[in-house]
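Observations on the model geometry
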Amino acid sequence: MMQNRFVSRRAVLQGGLALAGGTLAAPLVARHALGAEPVKVGSLLDLSGPIGASGQAMFNTIRLAVEEVNAAGGLLGRPVELVNYDTQSTIQLYSQYAQQLALRDKVAVVHGGITSASREAIRPVFNRYRMLYFYNVLYEGGVCDRDTFVTGTTPAQTVNKLVPYAMESWGKKAYILAADYNYGQITAKWMNKYVRDGGGSVEAIEFFPLDVTEFSATISKIQRAAPSMVLSALVGANHTAFYRQWAASGMKSRIPIASTTFGLVNEVASLDPAESNGIVTSYGYYQEIDTPASSGFVDKLRAKHGANMPYTSELAAANYEGFMLWAEAVRKAGSLDRVKVTEALETGIAYDGPSGKVTMDRQTHHAVRNAYLAEARDRSWKVLQSYPDQPPADTAAVCDLVANPRMSRQFVIDVSN
C-alpha cells in the first residue's frame, strides 16, 4: 500500500492527524500561516522493504525540516505540506508515484529516491513534466540535468579519501564486493581506479543482487585470494548478512574492510561490535561530528523519536540539507516557479547545515560539501579525518550546465585513465 497524504482544508487548519485510505496524513503548519494555501512538497522514499531503514531516517529529517520552516512562518507566507509515498523498495512504485506527485498532487518540488536505479526511474518523469527534483543521496556521480539537484557525495568527494587511506593502512591488494546495479557497478570502477592510482592491484570484483543474503562461497574465494583488504559497496539490509558471515568465518580479524555504504542502514547499531569494529567508511556526515550544528540537529531528532531514532547518516543529513537549500532558493527567488528557483540555486546558494557548509555548484547542480573519514568503534563512529569543501570533481569532468543548460542525462564517467 502506498503511503500518501490526502489532506483536507479542515485538517490543514487543525494541524492534526488525518487518515485516508488507511494512510497517515500529518500536516505540518505554522499558526500564523494557517489561512494560506499550502506549498506542497513531494517525498518519494522507501519506508519499507530492503532499503526501508535508510528511507525512514531520511523521512524523519525532511519532516523536521518542514516543521522548522513552518515554525518560522512557512514559505512566501504559506505553510509547507509534505506529500509522501512509500515506494516499498519497488522501482515500479517509484514511477507510478512520481507521476502522481507531478500530475495529481502538483507539488512544487520532489525530494526522493535512494538507489540510483530509483533515481533513474523517476528523473525522466520529472523531466517530462518539468518538475524540480532533489536527489539527496551519495551516489556514483555523472548526473547532468538542469532540473535535478544533488546534495549527496560522489566518489571524488569520498571514495578517493577512503581507498588511499585503506591502502596506506593495510596494503595494496584489494578484493571488491558491490551491489549489482549501476551504483555498485560504477563505484567498483572508481574503487579499482583509486587502487591502481595508488600502485595497488585488485584480485577480483564480485557483484550481488540486492536480495542476496548468502555469502559463504564468496568468503571462501576471498580467503583463497588473501587480499590486504576488502572494499565493499554492498547495499541494503540483505547485504548486511555479509558482515555477520564475515565475522563468523573468522576472517574479520585477518582482513580489514573499507566500505562506501556500511552504516547507511544502521549496521553499526544493529550488528554486534565484534562484527563491525574496525570497518572504515567515508561520508559527507556522521552524527558524531563534534560541532554545535551537528549536535543540535541530532538532539532535535532524539527529542522527537527517542529510542526509536535510527542512526543519522549522510542520507538523513543530506535530505534535510537538500530541503533547506530549496527553501533558501524559494525565498531568494520570491517565487515557487521552477525556472526562478533554479536560477536562485545557480547563484551558488549555500546552507550551513549539520554537516557544515553545503554550497550548490552552478556547473553541475551538485553540492560542494565537507567529507569525513571514520572507523566503527563500539556501536558508533570515531571520526578520524575531515576534508572541507570538497567539489564534485568527477561529475564536473563531464557536466557543464552553464555551457549546456538543456542537458538531461547520466554520464558513465570514464575511469580508465
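Remember, predicted model here, so these are calculated numbers, not experimental data.

1. Remarks on the domain arrangement of the protein chain
By the assigned domains, the protein chain splits into domain 1 (39-152 + 288-369 + 395-410) and domain 2 (158-283). Of the residues lining the interface, 18 residues belong to domain 1; the matching set on domain 2 comes to 16 residues. Together domain 1 and domain 2 conceal approximately 1200 Å² of surface at their shared face, both sides included; 65% is due to carbon and sulfur atoms. Contact with domain 2 buries surface across domain 1, with Pro50, Leu138 and Glu140 losing the most and accounting together for 38% of the total. Counting the contacts that link domain 1 with domain 2 gives 0 salt bridges. Counting every contact that joins domain 1 to domain 2 gives 3 residue pairs in polar contact (both at pLDDT 80 or more). Those elements that place two or more of their residues in the side of domain 1 that touches domain 2 are α2 (52-71), α4 (116-128) and α12 (314-333).

2. Describing the packing of α2 against helix α11 (residues 292-305)
In the contact formed by α2 and α11, the axes pass within 11 Å of each other and the chain directions differ by 100°. One element, α2, and the other, α11, form an angle in the roughly perpendicular class. Contact with α2, carried on its side by Asn60, Thr61, Arg63, Leu64, Glu67 and Glu68, involves Phe297, Lys300, Leu301, Lys304 and His305 of α11 and no other residues of that element. For the contact of α2 with α11, the residue count by class is 3 nonpolar, 3 polar and 5 charged.

3. Details of the pairing of strand β6 (residues 132-135)
Going residue by residue along β6, you find Leu132 and Phe134 tucked away on one face and Tyr133 and Tyr135 tucked away on the opposite face as well. Across 3 bridges, strand β5 (residues 109-112) lies against β6 in parallel orientation. Its bridge partner being in β6, Val109 is matched across the sheet by Leu132. Remark: the β5/α4/β6 crossover connection has right-handed handedness. Relative to strand β8 (residues 148-150), β6 runs parallel, the two being bridged by 3 bridges. Paired with Phe134 across the two strands is Phe149, which belongs to β8.

4. Describing the state of the cysteines
Under the defined criterion, the tally for this structure stands at 1 disulfide. The partner cysteine of Cys144 in its disulfide is Cys399, sulfur to sulfur 2.2 Å. In this structure, the disulfide formed by Cys144 and Cys399 twists by about 75° around the S-S bond and is classed as right-handed. Of this pair, Cys144 sits in strand β7 (residues 143-145) while Cys399 sits in the loop between α14 (393-396) and β18 (408-410), and the two are 255 residues apart along the sequence. Considered together, Cys144 and Cys399 belong to a single accessibility category, that of buried residues.

5. Quick notes on the environment of Pro209
Topologically, Pro209 is positioned in the loop between β10 (201-208) and α7 (216-225). A sequence separation of 79 residues divides Pro209 from Glu288, and the C-alpha atoms of the two residues are 31 Å apart. What Pro209 contacts, discounting residues up to four positions off in sequence, is Asp180 and His239.

6. Looking at the packing of aromatic side chains
A full pass over the atoms with the stated rule returns 18 aromatic pairs. Considering the side-chain rings of Phe242 and Tyr243, the 5.3 Å spacing of their centres and the 80° angle between planes classify their relative orientation as edge-to-face. Judged by its relative accessible area of 0%, Phe242 is buried. Through successive ring pairs, a cluster of aromatic residues spans Phe208, Phe215, Phe242, Tyr243, Trp246, Phe262, Tyr283, Tyr286 and Trp381. Arg119 extends its terminal NZ or CZ atom over the ring of Tyr135, reaching a point 4.9 Å from the ring centre.

7. Points about the environment of Glu375
Tracing the backbone shows Glu375 in strand β16 (residues 367-377). Considered as a pair, Glu375 and Gly199 are 176 residues apart in the sequence and their alpha carbons are 24 Å apart. In this view, Glu375 contacts Gly278, Ile279, Val280, Ser380, Trp381, Lys382 and Leu384; residues no more than four positions away in its chain are not counted.

8. Section: empty space enclosed by the protein
For the structure on display, the rule yields 5 cavities of 30 Å³ or more. The space that makes up the largest cavity amounts to roughly 190 Å³. Split into classes, the residues belonging to the lining of the largest cavity amount to 12 nonpolar, 5 polar and 1 charged. Two domains each provide a minimum of three residues to the lining of the largest cavity, namely domain 1 (39-152 + 288-369 + 395-410) and domain 2 (158-283).

9. Observations regarding the pattern of salt bridges
Evaluation of the coordinates by the stated rule reveals 15 salt bridges. Across the salt bridge formed by Arg119 and Glu120, the nearest N and O atoms sit 2.7 Å from each other. For Glu120, a relative accessible area of 23% translates into the label partly exposed. Within this structure, Arg119, Glu120, Arg123, Glu140 and Asp145 form a network of salt bridges that share partners.

10. Digging into α11
With 14 residues, α11 should cover 20 Å at 1.5 Å per step; its first-to-last C-alpha distance of 20 Å lies within 8% of that length. Listed in full, the buried residues belonging to α11 are Ser294, Phe297, Val298, Leu301 and His305. Projected down its long axis, α11 carries its buried residues within an arc of 90°, all on one side. More than 90 degrees from the buried face of α11, the exposed residues found are Pro292 and Ala303. Where α11 is buried, its residues contact α2 and α12. Count one or two residues on from α11 and you reach Gly306, which has phi positive near 55°.

What counts, and at which threshold
- Residues numbered from 1 in each chain as written.
- Predicted model: local features only at pLDDT ≥ 70, side-chain atom pairs only at ≥ 80, totals over all residues.
- Heavy atoms only, no water.
- Domains from an automatic or database assignment.
- Contact = heavy atoms within 4.5 Å.
- Buried area = accessible area lost by both parts, 1.4 Å probe.
- Salt bridge = Lys/Arg side-chain N within 4 Å of Asp/Glu carboxyl O.
- Polar contact = N/O pair within 3.5 Å; in protein donor to acceptor, adjacent residues only side chain to side chain.
- Helix = DSSP H or I, 4+ residues; strand = E, 2+ residues; numbered from the N terminus.
- Axes fitted to C-alpha atoms, helices over the stretch in contact; angles between N-to-C directions.
- Parallel < 35°, antiparallel > 145°, perpendicular 65-115°, else oblique.
- Nonpolar A, V, L, I, M, F, W, Y, C, P; charged D, E, K, R; others polar.
- Buried < 20%, exposed > 50% of the residue type's maximum accessible area, 1.4 Å probe, protein only.
- Pairing = 2+ DSSP bridges.
- Right-handed = clockwise from strand over helix to strand, strands pointing away.
- Disulfide = S-S within 2.5 Å.
- Phe/Tyr/Trp six-rings, centres within 6.5 Å; stacked < 30°, edge-to-face > 60°.
- Lys NZ or Arg CZ within 6 Å of the ring centre and 35° of its normal.
- 1 Å grid on protein atoms, 1.4 Å probe; cavity = no way out; pocket = protein on both sides within 12 Å on 5 of 7 lines; lining within 4 Å.
- Points joined across faces, edges and corners; volume = space filled by probe spheres on them.
- Expected span 1.5 Å × (residues − 1).
- Arc of directions from axis to C-beta.

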